[in-house]
Amino acid sequence: MERTIDWASRLDLAAHAEGGYFRRIYTGHRSQGRGDDARPWATSIHYLLTRDAPVGRLHRNRSTILHYLQHGGPVEYVLLPAPGVCRRIVLGYGDGQDLFLAVDGGCWKGSRLTGDATHALVSEVVVPGFDYADHEFMTADELGRSHAAFADGLQDLVR
């Protein structure tokens, strides 16, 4: 029988505006860019979805984000790279599932637990490093305009 781990407490995670829980675990000492465009070379977080917080809202960042499943799952990532285009990738340990996902900067993404998953612990590396000025949430109106064919099935990923 698998032992239950309280990942939020063990990793000192806090509630995340996207949904779930997180903590920044690394900020690169070197930076790129200048002035308001200066960013650390890379940043990294632990990100956790649980039964009580099973959804990461649709959002996009300017930077590329690398995702590594550490424990749990499966977790579905919904990617909206261009108007009218929707891709779904499942991180997990089953057939047809992946342990790694790269999301290019500018691509909308959301996440949610699937099946009987109790949690998904994902580590993310953001290159160049994360800055809140580069982050944007998708609205229900934007989803309806840009991805109308998929909007009904994605309402749980917007507010």
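Heads up: these notes are all about the structure in this document. A quick note: this is a predicted structure, and the numbers were derived from the prediction, not measured.

1. Some points on the nonpolar core
So, step 1. If you look at the biggest cluster of nonpolar residues, it comprises 16 residues, and the most contacted ones within it are V75, Y77, L79, L91 and L101.
So, step 2. Residues contacting L91, with those up to four places away along its chain left out, are H67, L69, G73, P74, V75, Y77, Q97, D98, L99, F100 and L101.
So, step 3. Core analysis: the next-biggest nonpolar cluster, separate from the first, contains twelve residues, V78, A151, L154 and V158 among them.

2. A word on the sheet that holds strand β10 (residues 100–103)
So, step 1. Taken in spatial order, the six strands line up as β1-β2-β5-β12-β7-β10 in an open sheet, and their pairing is antiparallel. At either end of the open sheet lies a strand with only one pairing partner, and these are β1 (14–15) and β10.
So, step 2. Judged from the six bridges that link them, strand β2 (residues 21–27) and strand β5 (residues 43–50) form a sheet pairing that is antiparallel. In the sheet register, F22 faces β5, and the bridge partner there is Y47.

3. Quick notes on the side chain of E76
So, step 1. Take E76: it is sitting in strand β8 (residues 75–80).
So, step 2. Here the side chain of E76 touches R88 through a polar contact of 3.4 Å, side chain to side chain.
So, step 3. Those residues in contact with E76 that lie beyond four places of it in its chain are R88, I89, V90, G110, S111, R112 and T114.

4. Focus: the packing of aromatic side chains
So, step 1. In the structure shown here, the tally under the stated rule is two aromatic pairs.
So, step 2. Between Y68 and F100, the aromatic rings sit 5.1 Å apart at their centres with planes inclined by 50 degrees, giving tilted as the arrangement. One end of the pair, Y68, is in strand β7 (residues 64–72); the other, F100, is in strand β10, with 32 residues separating them in the sequence.
So, step 3. Y68 sits in the partly exposed class, given a relative accessible area of 33%.
So, step 4. An angle of 85 degrees between the planes, with centres 4.8 Å apart, marks the rings of F130 and Y132 as edge-to-face.
So, step 5. For F130, a relative accessible area of 19% corresponds to the buried category.

5. Some thoughts on the environment of G19
So, step 1. Relative to the assigned elements, G19 resides in the loop between β1 and β2.
So, step 2. Separated by 34 residues in the primary sequence, G19 and A53 have C-alpha atoms spaced 6.2 Å apart.

6. Brief notes about the pairing of β7
So, step 1. Judged from the eight bridges that link them, β7 and strand β12 (residues 119–127) form a sheet pairing that is antiparallel. Its bridge partner being in β12, G72 is matched across the sheet by A120.
So, step 2. Relative to β10, β7 runs antiparallel, the two sharing four bridges. For I65, the partnering residue across the bridge sits in β10 and is V103.

Rules and cut-offs
Residues numbered from 1 in each chain as written. Predicted model: local features only at pLDDT ≥ 70, side-chain atom pairs only at ≥ 80, totals over all residues. Heavy atoms only, no water. Core = buried A, V, L, I, M, F, W, Y, C linked by side-chain atoms within 4.5 Å. Buried < 20%, exposed > 50% of the residue type's maximum accessible area, 1.4 Å probe, protein only. Contact = heavy atoms within 4.5 Å. Pairing = 2+ DSSP bridges. Helix = DSSP H or I, 4+ residues; strand = E, 2+ residues; numbered from the N terminus. Polar contact = N/O pair within 3.5 Å; in protein donor to acceptor, adjacent residues only side chain to side chain. Phe/Tyr/Trp six-rings, centres within 6.5 Å; stacked < 30°, edge-to-face > 60°.

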